[in-house]
Amino acid sequence: CDVAQGLTRVSAHAQGPREHERRSDEKHDRCVLEVAATYAPFASVGARTGARRQDGRDLENAVRNALAPALMAERYPRALIKIHVLVTCDDGGATSAAINAAGLALVDAGIFLRGVVAA
């Protein structure tokens, strides 16, 4: 699912529900939401900084915290749902665009939600 908000462009897709690779990671009563976020090397519009890796972790946490309450995790016990987010152009609104793209990717994948997530 591709989302463009102004000059910010984000692509996201959801995989799952599926089994865990390691059985020790699964929860017996609900699913686990795993988010991976990356920035394209050419994503920055302004001056480049060396903190891209930390921004990816912050973006992962923001998307996970926004989507976890809306996800009906009890419907998918012992399952894994993965969301991959790629920021291709960042003009300052990457967090909200990533949350919107990830929410739309879950809806597109047919994952049960309590409501549509918007940021």
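In this text, all values refer to a predicted model and were calculated from it rather than measured experimentally.

What counts as what
Residues numbered from 1 in each chain as written. Predicted model: local features only at pLDDT ≥ 70, side-chain atom pairs only at ≥ 80, totals over all residues. Heavy atoms only, no water. Helix = DSSP H or I, 4+ residues; strand = E, 2+ residues; numbered from the N terminus. Buried < 20%, exposed > 50% of the residue type's maximum accessible area, 1.4 Å probe, protein only. Polar contact = N/O pair within 3.5 Å; in protein donor to acceptor, adjacent residues only side chain to side chain. Expected span 1.5 Å × (residues − 1).

(A) Spatial organisation of the environment of Tyr39. Structurally, Tyr39 can be placed in strand β3 (residues 32-39). The sequence separation of Tyr39 and Ala94 amounts to 55 residues, and the corresponding C-alpha distance is 9.7 Å.

(B) Highlighting the side chain of Asp90. Tracing the chain through its elements places Asp90 in the loop between β4 (80-89) and α2 (94-109). Judged by its relative accessible area of 15%, Asp90 falls in the buried class. Among the polar contacts made by the side chain of Asp90, one reaches the main-chain amide nitrogen of Gly92 at a distance of 2.9 Å.

(C) Broad picture of α2. Here α2 is 16 residues long and its end C-alpha atoms lie 22 Å apart, about the 22 Å a rise of 1.5 Å per residue gives. Residues Ala94, Ala97, Ala98, Ile99, Asn100, Ala101, Ala102, Gly103, Ala105 and Leu106 constitute the buried set of α2. Of the residues trailing α2, Gly110 is marked for its positive phi of about 85 degrees.

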